[in-house]
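Secondary and tertiary structure notes
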Amino acid sequence: MAKEFELLIYSDIACPWCYIGWSRLKKALEPEKMEQYKFTIKPRFMPYLINENLDKDPVTKEKLYSEKFMGGDGASAVRNKISAEGEKDGIKFNWDSKSKVRQTKDGHRVIEKAYEMGGFDLQSQVAEKLYKAFNEDGIDVGDLETLAELSSSVPGFLSKEDALKFVQSDEGAYELDKALEKVPYIGIDSVPYYILDETDAYTQAITAEEWHKHFEVLGRAYGLA
């Protein structure tokens, strides 16, 4: 059996760089590109909040990103850079100033529930569905009915009725809070943030080519090149 290395992906649904980062990592993990290695990568999405002060009452994207990107011309320049990088990966960001943003804790609970139900395969499908809905389609993924509808549309996840019951409950909330409490102690202050093999940490939305350089180094370190 091939050796397996864990890859933790700290990210937030409301983080545009995280969406770009996932798109690039997804390309790196394509089966035909991983065949060259004598080991496998076991990824898992982990929670992070880009703005802990958000609550369940929505604010506009304009307000969130103006505060996050320092406002004014600075915010515009950052949005343009993100849009340009996203286009390289086929992502068309929606910066509609009226789009709503809420705290993403319920979305994180859904993403973790998907992992419990179907491992990373299901988790990644649900996460990608939420990433796209928020970042490209301008959908308020913090609205519970919308969140249930989106997640339940992924084959293998809960039905819409069960998904709504789940998001309206507090299932997984305690575990999520505990996971979020650990984030500062790990040293994470921005995302995307990746931890490979428990020790190697990478930040930023690195490309598929860069990922394979890291995988090659990892393989050599374990004599698996």
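How each quantity is defined
- Along each chain, residues carry numbers from 1 onward, in the same order as the chain's sequence is written.
- Only residues with pLDDT of at least 70 get local features here, since the model is predicted, and only at 80 or more are side-chain atom pairs given and counted; chain-wide, interface and lining totals rely on the full set of residues.
- By convention in this description, side-chain values take in all heavy atoms of the structure and omit both hydrogens and water.
- Each helix corresponds to a stretch of at least 4 residues labelled H or I by DSSP, and each strand to a stretch of at least 2 residues labelled E; elements are numbered beginning at the N terminus.
- The globule rule used here is 2.2 Å times the number of residues to the 0.38 power, and the radius of gyration it is set against is calculated over C-alpha atoms.
- Burial status follows relative accessibility: with a 1.4 Å probe on protein chains alone, a residue under 20% of its type maximum counts as buried, one over 50% as exposed, and anything between as partly exposed.
- Contact between two residues is taken to exist if any of their heavy atoms lie within 4.5 Å; hydrogens are not considered.
- We count Lys and Arg on the positive side and Asp and Glu on the negative side, and we leave His and both chain ends out.
- We put the charge of a Lys on NZ, of an Arg on CZ, of an Asp on CG and of a Glu on CD.
- Here the aromatic set is Phe, Tyr and Trp, taking the six-membered ring for Trp, and pairing holds for ring centres within 6.5 Å; pairs whose planes are under 30 degrees apart are stacked, those over 60 apart are edge-to-face, and all others are tilted.
- To estimate how far a helix should reach, multiply one less than its number of residues by 1.5 Å.
- What the bend at a residue measures is the angle between two axes, fitted to the seven residues ending there and to the seven starting there.

1. Describing the overall build of the protein
Summing up its helical and strand segments, the protein has 9 helices and 6 strands in all. Taken against the 2.2 N^0.38 rule, which gives 17 Å for 225 residues, the C-alpha radius of gyration of the protein at 18 Å falls within 12% of a compact globule. Based on the C-alpha atoms only, the size of the protein along its principal axes is roughly 50 × 45 × 35 Å. Scored against the burial criterion, the 225 residues of the protein give a buried share of 48%. For the protein, restricting intrachain contacts to residue pairs at least 6 apart in sequence, the fraction spanning at least 24 positions comes to 75%. Averaged over its 30 positive side-chain charges, the protein has a centre that lies 2 Å from the centre of its 41 negative ones.

2. Describing the packing of aromatic side chains
The tally for this structure, following the rule as stated, stands at 14 aromatic pairs. On the numbers, 5.2 Å between centres and 80 degrees between planes, the contact of Phe5 with Phe39 is edge-to-face. Residue Phe5 is located in strand E1 (residues 3-11), and its partner Phe39 is located in strand E2 (residues 39-47); the two are separated by 34 residues in the primary sequence. Per residue, the accessibility class of Phe5 equals that of Phe39, and both read buried. Ring centres 5.7 Å apart and planes at 10 degrees place the aromatic pair Tyr19 and Tyr131 in the stacked group.

3. Looking at helix H5 (residues 105-135)
Helix length check: H5, at 31 residues, gives a terminal C-alpha distance of 17 Å against a target of 45 Å (1.5 Å per residue), a shortfall beyond 12%. The sharpest bend along H5 comes to roughly 140 degrees, located at Gly119.

4. Some words on the environment of Lys63
Positionally, Lys63 belongs in helix H3 (residues 61-68). Judged by its relative accessible area of 43%, Lys63 is partly exposed. Taking the C-alpha atoms as reference points, Lys63 and Gln125, separated by 62 residues in sequence, lie 29 Å from one another.

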